[in-house]
Amino acid sequence: METVAPFKEVIEEIREAGGDAFKYCFQCGLCDTVCPWNRVRDFSIRKIIRQATFGLNEIEGEDIWRCTTCGRCPQRCPRGVKQIEVGISLRRVATNYEVFPPSVRSARTARASIISEGNPLQGDRKKRADWAKDLNVKPYAEGMEILYFVGCYLSYDPRMKKVAVATADILHKAGVDFGILGSEENCCGESIRKTGSEELFRRLAKENIKSFIDNGVRKVLVSSPHCYHTFKNEYPEFMVNFEVIHISQFIFELMKEGRLTVTKACNRKVTYHDPCYMGRHNNIYEEPREILKQIPGLELIEMTESREDSLCCGGGGGRIWMDTPQNERFSDIRLKQAREVGADVLATSCPYCITNFEESRLNLEYDDVLEIKDITEIIQEAL
């Protein structure tokens, strides 16, 4: 009979990440009942937590990389077990040893791109602001009302560039004095931290903070919930505290102040998807819905799983860079839910969600029956 020795480094890494909270787990299994992975395959975060208690986790396998950090299990846990922190700590151990299963190796490519170019998409750092070259978008200067932190996907991904353009158009129409950092902007680091690259995250955070301070930034506007989360909840670890606002919140403010008015009708049935890092992680539920309700003719329909119970798209926790078999994609389920309520537009406000939804739209052959839109794109059309 083989004797399995505890992996002491695992125990120490977990303690450093989340204290001894993982020891509070009494194996009730509520985490497994709400985990979206169990909609598409067998997976047990409960088992990972149990193994972690004894330092017996298998760091060579794929299970420690499945968690999308969606926030469903901590939401339901009666004992305060920090499942996400435990999972990330295991990934740190695997990353330190450069142990990556085949489906995760593309995340290593993303990490290399971040190190060399400041983004995970292998885009040229010098071209980070090219999306804005014909839009009269200014470099940020001290004293401006707000810094628009565009983010990696909106700077480089062809589909997401449309969202950056829509955002700039809205800000111009509202008379907002804003600017961007262009090549001085780095990846926020949120997702690479979730894949275990802690030192790289800390480097990115310090470089971004230095850029903010050097340019006199006080208020930061973001399009990505992942940028929002890390600026608001993780950068304060470095003893800084910038005001951070998501674009949906800012548009809502502009509407309340009378700086932005929608006039064109949008006679569409729209359902809104709550991104995990806006909803469960940061409690932003009302503003996106309120700005959609301002559009004449738009019918807002709720899916069965919405708000706190929103179904993850599958892109968080660095999964956006990993390979997921087509029959295991949460985004396919989400699009089917949108069709079930009769929506012809699935709206959201996250680049990872849109990227996954667009891929699922092609896979499901929904091209003619469902559009995927960022909220800013809908508002832009209604102005």
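Residues numbered from 1 in each chain as written. Predicted model: local features only at pLDDT ≥ 70, side-chain atom pairs only at ≥ 80, totals over all residues. Heavy atoms only, no water.

## A few points about empty space enclosed by the protein
Counted by the stated rule, this structure contains 6 cavities of 30 Å³ or more. By volume, the largest cavity is sized at about 130 Å³. The wall of the largest cavity is formed by 16 residues, among which Cys152, Tyr153, Ser224, Cys227 and Tyr352 lie closest to the centre. Where the lining of the largest cavity is concerned, the elements lending two or more residues are helix 7 (152-156), helix 9 (190-194), helix 11 (225-234) and helix 15 (351-363). By residue number, the principal contributor to the lining of the largest cavity is helix 7, which donates 3 residues. Grouping the constituent residues of the lining of the largest cavity by class yields 11 nonpolar, 4 polar and 1 charged. Approximately 110 Å³ is the volume attributed to the second largest cavity. Taken together, 13 residues make up the lining of the second largest cavity; nearest its centre are Cys35, Pro36, Cys67, Cys70 and Cys73. Of the residues in the lining of the second largest cavity, the class split is 9 nonpolar, 3 polar and 1 charged. (1 Å grid on protein atoms, 1.4 Å probe; cavity = no way out; pocket = protein on both sides within 12 Å on 5 of 7 lines; lining within 4 Å. Points joined across faces, edges and corners; volume = space filled by probe spheres on them. Helix = DSSP H or I, 4+ residues; strand = E, 2+ residues; numbered from the N terminus. Nonpolar A, V, L, I, M, F, W, Y, C, P; charged D, E, K, R; others polar.)

## Observations concerning the packing of aromatic side chains
Taken as a whole, this structure holds 12 aromatic pairs when the rule is applied. Taking the centre distance of 6.4 Å and the plane angle of 80 degrees together, the rings of Tyr235 and Phe238 count as edge-to-face. One exposure class covers both Tyr235 and Phe238, and it is buried. It is Arg66 that lies over the ring of Trp37; its NZ or CZ is 5.3 Å from the centre. (Phe/Tyr/Trp six-rings, centres within 6.5 Å; stacked < 30°, edge-to-face > 60°. Buried < 20%, exposed > 50% of the residue type's maximum accessible area, 1.4 Å probe, protein only. Lys NZ or Arg CZ within 6 Å of the ring centre and 35° of its normal.)

## Focus: the sheet that holds strand 4 (residues 219-222)
The parallel open sheet is built from 5 strands, whose spatial order is 1-3-2-4-5. Where the open sheet ends on each side, the last strands, each with one partner, are strand 1 (138-139) and strand 5 (243-246). Helix 11 rests against strand 2 (146-149), strand 4 and strand 5 of the sheet, and its axis sits at about 160 degrees to strand 5. Helix-sheet contacts for helix 12 (residues 247-256) involve strand 2, strand 4 and strand 5, and the interaxial angle to strand 5 is about 85 degrees. (Pairing = 2+ DSSP bridges. Contact = heavy atoms within 4.5 Å. Axes fitted to C-alpha atoms, helices over the stretch in contact; angles between N-to-C directions.)

## Considering unusual backbone geometry
The phi torsion at Gln27 lies on the positive side, around 60 degrees, for a residue other than glycine. Within the secondary structure, Gln27 is located in the loop between helix 1 (8-18) and helix 2 (30-34). Using a relative accessible area of 23% as the deciding quantity, one classes Gln27 as partly exposed. Even without being a glycine, Thr69 presents a positive backbone phi close to 55 degrees. Its location among the elements puts Thr69 in the loop between helix 3 (45-54) and helix 4 (72-76). Looking at Thr69, the relative accessible area reads 2%, which means it is buried.

## Description of the side chain of Thr69
Separated by 2.7 Å, the side chains of Thr69 and Tyr277 make a polar contact. When sequence neighbours within four positions are dropped, the list of residues in contact with Thr69 reads Ile84, Lys194, Tyr277, His281, Gly316 and Gly317. (Polar contact = N/O pair within 3.5 Å; in protein donor to acceptor, adjacent residues only side chain to side chain.)

## Describing the environment of Gly29
Within the element layout of this structure, Gly29 appears in the loop between helix 1 and helix 2. As a C-alpha pair, Gly29 and Ile45 span 16 residues in sequence and 8.7 Å in three-dimensional space.

## Things to note about the nonpolar core
Counting 116 residues, the largest nonpolar core has Phe231 and Ile379 as its most contacted members. Once residues lying within four places of it in the same chain are set aside, the contact partners of Ile379 are Ile170, Met255, Leu260, Val262, Ile291 and Ile295. (Core = buried A, V, L, I, M, F, W, Y, C linked by side-chain atoms within 4.5 Å.)

Shape descriptors only; they carry no functional weight alone.
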